[in-house]
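# Fold and contact review
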Amino acid sequence: MRASRLAWALYSGYVVALLFGVGGIAIALQRPDLWAHLELGRSVYSFGMKWGGVAYIVLGAAALFVYAWSTIGPRRTLIFFLLSVTISLSAELIGTSTGWPFGNYSYTSGLGYKILDRVPFTIPLSWFTVGLASYLLALRLRRYLPRRGSSWPPVLTGVWLLVVWDLVLDPAMAHEAMQARFWVWHQTGSYFGMPFINFAGWALTGMAFTAASRWAWRAEPVLRSASFPYAIYAANILFASALCATVGLWGPIALAFVAGLLPATLALVTNDSTRVGTRRADQQEPEPVVERISWLVLRTLARLTLRRPIVFRTAQPLPTGPTILAAQHVHHLDDGRALLAIIDRPVRFLVALDWVPDRRWRRVMELLCRTAGWPTIVRPREIDRPGQVYSPREAHRLLVGGLREAVRRVAAGQLLVVFPEGYPLVDPHLPARRSENDRLAPGAVWIARAAAARAGSPVSVFPVQLETTGSPIVVTIGEPMVVTSQTDVAWATRQLEVILRASRPVALPSDDRLATQLAGEER
């Protein structure tokens with residue numbers, strides 16, 4: 001308890017030093033007329049320029065060191081401290097001498113005494129502080145990560161969080177409008193003036209000391225709370241974001257919040273169902289953090305790029321458990337964007353990749369779908385098509401594996417969108433592959449039945465009618481069909497076809513009065 005109070009006291013001083021630094025850069029440097037005529041103002045400014053950066057780094061390192069000593073133990077704390085300081089200092093000395101692995105840069109005199117006249121002694125302490133905070137957050141995020149028996153997912157996640165911090169910190173220091181720089185870049189790059197090699201160097205250095213520390217620890221510590229490492233990490237992200245804001249760099253700020261602060265916040269979530277022996281059969285499995293971030297990013301992009309009003313009609317709210325949306329397929333892109341934009345729970349799509357033109361596109365699309373958690377298949381009609389980038393054997397393996405993955409995800413409580421019509425009416429990749437009279441494929445019902453058998457409970461299949469070629473976009477979700485492990489797939493598919501095509505949507509004129517009328521009917 002005494003150590004905890006000391007850690008939070010040091011953290012309070014750390015935050016005060018950060019605020020002092022932000023105030024100096026954002027106000028004092030911009031408006032010297034406010035203080036230059038005052039002796040006290042000149043003294044405070046002189047002190048801040050000499051000791052402000054040193055104070056906040058030393059206080060942050062001391063706060064996290066005390067916290068770690070009392071939570072993960074002296075041995076683990078000393079191991080991580082010694083390895084992170086030694087490895088990062090070595091990398092920085094090599095970097096300032098040769099330009100590798102970070103690029104061509106040098107430090108100014110604002111961060112304290114320089115080791116070998118090159119690297120301020122505070123820089124390795126900063127690596128230790130944010131590196132350990134990132135890794136401890138990653139350990140708390142383990143329940144969202146794949147391969148839970150492996151030590152690598154938390155290591156990689158910790159390195160990711162560490163690099164994201166630099167994604168927002170370094171652009172401010174590289175900006176020509178930044179008046180107070182702790183280091184100076186002697187080369188430029190395409191990321192807001194930064195060379196991409198810098199981030200590769202950060203990842204390599206962070207990976208080296210994090211992986212080495214994990215190996216030396218021999219076992220991962222159990223953290224009851226992530227509040228303190230989150231407070232350290234959030235303070236650094238906010239400080240770097242404030243620096244970017246002073247020079248008008250909003251892109252790195254948005255990236256840091258989406259890719260860093262958002263996933264780090266998930267570490268604060270307490271989930272008792274993840275404890276051994278307490279998960280009930282009807283509980284959803286926790287989602288991997290990367291998939292949840294992918295959904296949030298895709299939903300945001302859908303809402304920003306779909307520049308048409310959406311009229312949403314639904315017979316009843318979507319449940320939280322295993323759910324399939326069997327949707328009409330009108331447009332190859334807008335159908336998915338509309339569903340992403342209106343549905344407030346994470347959405348996965350069963351994606352056909354038989355349209356990709358070459359192997360480069362195939363690798364890119366497979367990686368993106370894997371990251372988002374979207375099962376991928378090759379449609380049966382396309383397995384033997386000439387020019388197909390998948391060989392028949394590869395296509396068959398992808399179809400079987402994709403369907404198995406779809407079943408697993410639905411049985412785990414996720415929501416999956418399936419387009420049982422197979423092909424969109426508007427499709428630039430494989431045009432004229434479908435007419436409006438084609439029969440529905442049984443895939444949606446088959447997946448639901450297999451998932452129901454696996455989960456031991458029924459799966460709801462919601463028919464979704466779409467009109468995405470006009471304005472407004474109209475999305476209508478009907479009454480669900482309840483599928484059990486005993487459901488007849490052929491019969492249920494015919495019933496689904498009748499429901500989907502009972503009142504097939506037609507192209508709507510682009511008329512604001514019609515949009516208003518439809519919105520009024522929805523209310």
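Check the entry above for the structure.
Read on for an overview of the structure. Residue numbers run consecutively from 1 along every chain, following the written order of its sequence. Only residues with pLDDT of at least 70 get local features here, since the model is predicted, and only at 80 or more are side-chain atom pairs given and counted; chain-wide, interface and lining totals rely on the full set of residues. To obtain the side-chain values, all non-hydrogen atoms of the structure were used and water was disregarded.

The next point concerns the overall build of the protein. In this description a helix means any DSSP run of H or I spanning at least four residues, a strand means any run of E spanning at least two, and both kinds are numbered starting from the N terminus. A count of helices and strands for the protein gives 15 helices and 13 strands. Buried residues in the protein amount to 51% of all 523 residues. Long-range contacts, defined here as pairs at least 24 residues apart, represent 77% of the contacts in the protein between residues at least 6 apart. Method for areas: the Shrake-Rupley scheme with a 1.4 Å probe, in which residue coverage is limited to the protein chains shown. For the protein, the exposed area adds up to about 24700 Å²; of that, 61% sits on carbon and sulfur atoms. Relative accessibility under 20% of the residue-type maximum defines a buried residue, over 50% an exposed one, and the middle range a partly exposed one, all with a 1.4 Å probe and only protein chains included. The criterion used for residue contact is that any of the two residues' heavy atoms lie within 4.5 Å.

Lines are fitted to the C-alpha atoms to define the axes, a helix being fitted only along its stretch in contact, and any angle between axes, read from their N-to-C directions, falls within 0 to 180 degrees. Where helix 4 (residues 122-140) contacts helix 6 (residues 197-217), the axes come no closer than 11 Å and their chain directions differ by 65 degrees. Every pair of crossing elements has a handedness; the one defined by helix 4 and helix 6 is right-handed. Two secondary-structure elements touch here, helix 4 through W127, G131, L132, Y135 and L139 and helix 6 through W202, T205, G206, F209, T210, R214 and W217. If you view the pair so one helix is near and one far, a crossing is left-handed when the near helix is turned anticlockwise from the far one by less than a right angle, and right-handed when it is turned clockwise.

Quick look at empty space enclosed by the protein now. Lining residues are defined by having an atom within 4 Å of a point belonging to a cavity or pocket. Those points lie on a 1 Å grid over the protein atoms alone, cavities being sets where a 1.4 Å probe fits but cannot get out and pockets being open sets with protein on both sides within 12 Å along at least five of seven lines. Grid points are joined across faces, edges and corners, and a volume is the space filled by probe spheres set on the points. The final tally for this structure, using the stated rule, is 3 cavities of 30 Å³ or more. Taken together, 20 residues form the lining of the largest cavity, with Y107, I123, L169, W183 and W202 sitting closest to its centre. Contributions of two or more residues to the lining of the largest cavity are made by helix 2 (39-71), strand 1 (105-107), helix 4, helix 5 (152-174), strand 4 (183-185) and helix 6. Ranked by residue count, the leading element in the lining of the largest cavity is helix 5, at 4 residues.

Any helix carries an expected span of 1.5 Å times its number of residues minus one. Over its 13 residues, helix 13 (residues 443-455) extends 18 Å from the first C-alpha to the last, a length consistent with the 18 Å expected when each residue adds 1.5 Å. Taken together, the buried positions of helix 13 are occupied by A444, V445, I447, A448, A451 and A452. The buried residues of helix 13 occupy an angular sector of 160 degrees when projected down its axis, which confines them to one face. Where helix 13 is buried, its residues contact strand 6 (323-327), helix 12 (392-411), strand 10 (415-418), strand 11 (459-467), strand 13 (481-483) and helix 14 (489-500). Two residues or fewer past helix 13, G456 is found with a positive phi of approximately 75 degrees. When we speak of the arc, we mean the arc of directions from the helix axis to the C-beta atoms.

Between its first and last C-alpha atoms helix 12 spans 29 Å; for 20 residues at 1.5 Å apiece the expected length is 28 Å, and the two agree. Every buried residue belonging to helix 12 is among A395, L398, L399, G402, A406, V407, R409, V410 and A411, and all of these are buried.

Attention now goes to the packing of helix 7 (residues 227-246) against helix 8 (residues 251-266). Their axes nearest at 10 Å, the elements helix 7 and helix 8 cross at an angle of 170 degrees. By the angle class used here, helix 7 and helix 8 are roughly antiparallel. Of the residues in helix 8, those touching helix 7 at Y230, Y233, A234, I237, L238, S241, C244 and A245 are P252, I253, A256, F257, G260, L261, A264 and T265. Residue composition of the contact of helix 7 with helix 8, by class: 13 nonpolar, 3 polar and no charged. Orientation categories follow fixed angle ranges, with anything under 35 degrees roughly parallel, anything over 145 roughly antiparallel, 65 to 115 roughly perpendicular, and all other angles oblique. Polarity classes work like this: nonpolar for Ala, Val, Leu, Ile, Met, Phe, Trp, Tyr, Cys and Pro, charged for Asp, Glu, Lys and Arg, and polar for all others, with Gly in that last group.

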